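The lines below spell out each chain.
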Amino acid sequence: FALEDKYRLVMRERGCVQILLGLLEPTAGDETHVAVMGALVNLAADENCKDEICNFGGIPKILRILEPHTSLTLRSVTAMTLMNLTTRKSSARTIAQAGGVTALIRCLGEASDDVLQEKAAGAMWNLSLVKDIQEVICNNGGIDFLLNI
């Protein structure tokens, strides 16, 4: 339902973004995280939801899920969420400042999963469109990873 704008609006107005972010605690487990990220990937297509995700401290929680010990499925859905979030400059800057460039570069090195690489590359592309993030990408070796996938 979150794919339709009217449902995103209802979810945002009822405080669901903050509730979902609260479920991203490390002890919640992969099944809960997959469900939450599935909802957030859809909500992150909405400009106002992007703001809420950033303003309610969601970026560090989302980036934590990209750690290598997390399942590939979960990391892929998380990279999709970041791809949606990075279409907005302010969100892209928040993600870059929180270490998102490094986390996404690490995902680009996952030769075993095409979906993860594709979504991480999409998020990196969006980040690269923001002038002040381009240097961060270069300094962290992002160009080499992008050229080799």
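In this report, we go over the structure that sits alongside the text. All values derive from a computational prediction rather than experimental measurement.

1. Here's the deal with the overall build of the protein
Scanning the protein for helices and strands turns up 11 helices and 0 strands. In sequence order, the secondary structure elements of the protein are arranged as α-α-α-α-α-α-α-α-α-α-α. Structurally, the protein occupies a C-alpha span of about 45 × 30 × 25 Å along its principal axes. Expressed as a percentage of its 149 residues, the buried residues of the protein come to 44%.

2. Quick notes on the pattern of salt bridges
Opposite charge on two side chains lets them pair, provided their charged atoms get close. Per the counting criterion, the structure on display carries 10 salt bridges. The salt bridge involving Arg12 is made with Asp46; its shortest N-O contact spans 3.3 Å. Here Arg12, found in helix H1 (residues 5-13), pairs with Asp46, found in the loop between helix H3 (30-43) and helix H4 (47-55); they are 34 residues apart in sequence, far enough to count as distant. For Arg12, a relative accessible area of 17% gives the class buried. For Asp51, the salt bridge identified is with Arg88, shortest N-O distance 3.4 Å. With Asp51 in helix H4 and Arg88 in the loop between helix H6 (72-85) and helix H7 (89-97), this residue pair connects regions lying 37 residues apart in the sequence. According to the relative accessible area criterion, Arg88 is partly exposed, its value standing at 25%. Where salt bridges share partners, they join Glu47, Lys50, Asp51 and Arg88 into one cluster.

3. Things to note about the side chain of His33
By the secondary structure assignment, His33 is in helix H3. Using a relative accessible area of 7% as the deciding quantity, one classes His33 as buried. Those residues in contact with His33 that lie beyond four places of it in its chain are Leu23, Leu24, Glu25, Pro26, Ala28, Ile65 and Leu74.

4. Regarding the environment of Gly29
Mapped onto the elements, Gly29 comes out in the loop between helix H2 (16-22) and H3. Separated by 57 residues in sequence, Gly29 and Thr86 place their C-alpha atoms 26 Å apart.

5. Quick look at H6
Look at H6: 20 Å from first C-alpha to last across 14 residues, which is about the 20 Å you get at 1.5 Å a residue. On its buried side, H6 packs onto H3, H4, helix H5 (58-64), H7, helix H8 (100-108) and helix H9 (114-128).

6. Considering the side chain of Asp46
What makes Asp46 buried here is its relative accessible area of 16%. When residues no more than four places from it in sequence are discounted, the contact partners of Asp46 are Arg8 and Arg12.

Calculation criteria
- Residues numbered from 1 in each chain as written.
- Predicted model: local features only at pLDDT ≥ 70, side-chain atom pairs only at ≥ 80, totals over all residues.
- Heavy atoms only, no water.
- Helix = DSSP H or I, 4+ residues; strand = E, 2+ residues; numbered from the N terminus.
- Buried < 20%, exposed > 50% of the residue type's maximum accessible area, 1.4 Å probe, protein only.
- Salt bridge = Lys/Arg side-chain N within 4 Å of Asp/Glu carboxyl O.
- Contact = heavy atoms within 4.5 Å.
- Expected span 1.5 Å × (residues − 1).

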